[in-house]
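Letter by letter, the chains look like this.
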Amino acid sequence: MARNDNPHALRLAEALRTVLGEEAAERVSLEHPLSKSADADRKYQWARSVCACLDSTAGADEVRQIRRACRCGDGRTMAQEIASCIARAGSLQEGCALFSQKNRYAFLEYVSNRELRFGYHACVCSCVKRAEGLLPLTWCECSCGYAEAMFRQVFGEAVQVELLGSTKAGDDRCAMRIRIP
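Residues numbered from 1 in each chain as written. Predicted model: local features only at pLDDT ≥ 70, side-chain atom pairs only at ≥ 80, totals over all residues. Heavy atoms only, no water.

Visitor: Lay out empty space enclosed by the protein with the relevant residues and their values.
Guide: Taken as a whole, this structure holds 2 cavities of 30 Å³ or more when the rule is applied. Every residue along the wall of the largest cavity is listed here: His8, Arg11, Trp46, Arg67, Cys70, Cys72, Cys125, Trp139 and Cys142. Looking at side-chain class alone, the lining of the largest cavity contains 6 nonpolar, 1 polar and 2 charged residues. The computed volume of the second largest cavity comes to approximately 30 Å³. Asn4, Ala9, Leu12, Ala13, Leu16, Ala25, Val28, Ser29, His32 and Trp46 are the residues that line the second largest cavity. Contributing elements (two or more residues each) for the lining of the second largest cavity: α1 (7-19) and α2 (22-31). Per element, the largest residue contribution to the lining of the second largest cavity is 4 residues, and it comes from α1. When grouped by side-chain class, the residues that make up the lining of the second largest cavity number 7 nonpolar, 3 polar and no charged. (1 Å grid on protein atoms, 1.4 Å probe; cavity = no way out; pocket = protein on both sides within 12 Å on 5 of 7 lines; lining within 4 Å. Points joined across faces, edges and corners; volume = space filled by probe spheres on them. Nonpolar A, V, L, I, M, F, W, Y, C, P; charged D, E, K, R; others polar. Helix = DSSP H or I, 4+ residues; strand = E, 2+ residues; numbered from the N terminus.)

Visitor: Please set out the sheet that holds strand β1 (residues 106-112) residue by residue, giving values where relevant.
Guide: Where strands meet in a sheet, backbone hydrogen bonds hold them as pairs that are either parallel or antiparallel. Read across the open sheet, the 4 strands follow the order β1-β2-β4-β3; overall the sheet is antiparallel. Sheet topology places β1 and β3 (160-165) at the edges, where each strand pairs with a single neighbour. Strand after strand, the sheet turns through a mean of 20 degrees between neighbouring axes, direction not considered. Where strand β2 (residues 115-120) and strand β4 (residues 174-179) come together, 6 bridges link them in antiparallel fashion. Bridge pairing in β4 places Phe118 opposite Met176. Each of β1 and β2 is contacted by helix α6 (residues 92-102), which is oriented at about 160 degrees to β1, the strand it contacts most. (Pairing = 2+ DSSP bridges. Axes fitted to C-alpha atoms, helices over the stretch in contact; angles between N-to-C directions. Contact = heavy atoms within 4.5 Å.)

Visitor: Break down the packing of α1 against helix α4 (residues 60-69) for me, with residues and values.
Guide: For any two helices packed against each other, one specifies the crossing angle of their axes together with the interaxial distance. Viewed as axis vectors pointing N to C, α1 and α4 meet at an angle of 140 degrees, and their least axial separation amounts to 8 Å. If you check the angle between α1 and α4, you find them oblique. Of the two possible hands of crossing, α1 and α4 adopt the one that is right-handed. Judged by residue contacts, Leu12, Ala15, Leu16 and Val19 of α1 engage Glu62, Gln65, Ile66 and Ala69 from α4. Residues that form the contact of α1 with α4 fall into these classes: 6 nonpolar, 1 polar and 1 charged. (Parallel < 35°, antiparallel > 145°, perpendicular 65-115°, else oblique. Left-handed = near helix turned anticlockwise from the far one by under 90°.)

Visitor: Before we move on, could you go through the layout of surface pockets and cite the residues and values that matter?
Guide: Estimates place the volume of the largest pocket at around 430 Å³. Considering the residues around the largest pocket, the lining is formed by 24 residues, among which Tyr120, Val124, Cys125, Ser143 and Tyr146 are closest to the centre. Elements with a minimum of two residues in the lining of the largest pocket: β2, α7 (141-155), β3 and β4. Of the residues in the lining of the largest pocket, the class split is 18 nonpolar, 4 polar and 2 charged.

Visitor: Tell me about the nonpolar core, residues and numbers included.
Guide: Soluble globular proteins tend to bury their nonpolar side chains together. Grouped together as the largest cluster of nonpolar side chains are 54 residues, with contacts concentrated most on Phe118, Trp139 and Phe151. Discounting residues that sit within four places of it in the chain, Trp139 has contacts with Trp46, Ala47, Cys51, Arg67, Cys125, Cys127 and Val128. (Core = buried A, V, L, I, M, F, W, Y, C linked by side-chain atoms within 4.5 Å. Buried < 20%, exposed > 50% of the residue type's maximum accessible area, 1.4 Å probe, protein only.)

Visitor: An account of the pairing of β4 is requested, with residue identities and associated values reported.
Guide: Within β4, 5 of the 6 residues are buried, leaving the element largely enclosed by the surrounding structure. Of the strand pairs in this sheet, β3 and β4 are connected by 5 bridges, and their pairing is antiparallel. Its bridge partner lying in β4, Glu162 is registered against Arg177.

Visitor: Give me the environment of Cys70: which residues, what numbers.
Guide: Among the secondary structure elements, Cys70 is positioned in the loop between α4 and α5 (76-89). For Cys70, a relative accessible area of 5% gives the class buried. For the pair formed by Cys70 and Ala13, sequence separation is 57 residues and the distance between their alpha carbons is 8.9 Å. Setting aside chain neighbours within four positions, we find Cys70 in contact with Arg11, Leu12, Ala15 and Cys142.

Here is the structure:
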């Protein structure tokens, strides 16, 4: 029996357990195992099969909840960097510009005092960034979970995050709309 000890697979199982229950978590873990020793191609194939499984067995809102719960971390370091840029610049608009100037891999664009664009110029997902090929946007919803946690720290309240595009889905950058209440 294949081992299912990869951190991505373990986060997925926990998210499934929370959203759909123990039975769903067990079934997906057994049908789609991923070892921590998996190479880039195996991780990519696993991600594709997990997306197909989720999209065929759960509703869109449940899939979004599951994938967002799979986020890698809470974004604390980047949240501190963003907050520092805003404080230093003296305004949200100038803070976004300062953050984007300082970062080669991430961007933060000001749209209004209630809306920002955040994202990456290339895939940063430790599971699939080294693999060739495209993935459904479903896979990248974990980035929205990361952004929700990160911007909650920046603004001290929950934000709404919408996935706009992903390099792994064929877009030129990974982008999210951040709505600030």
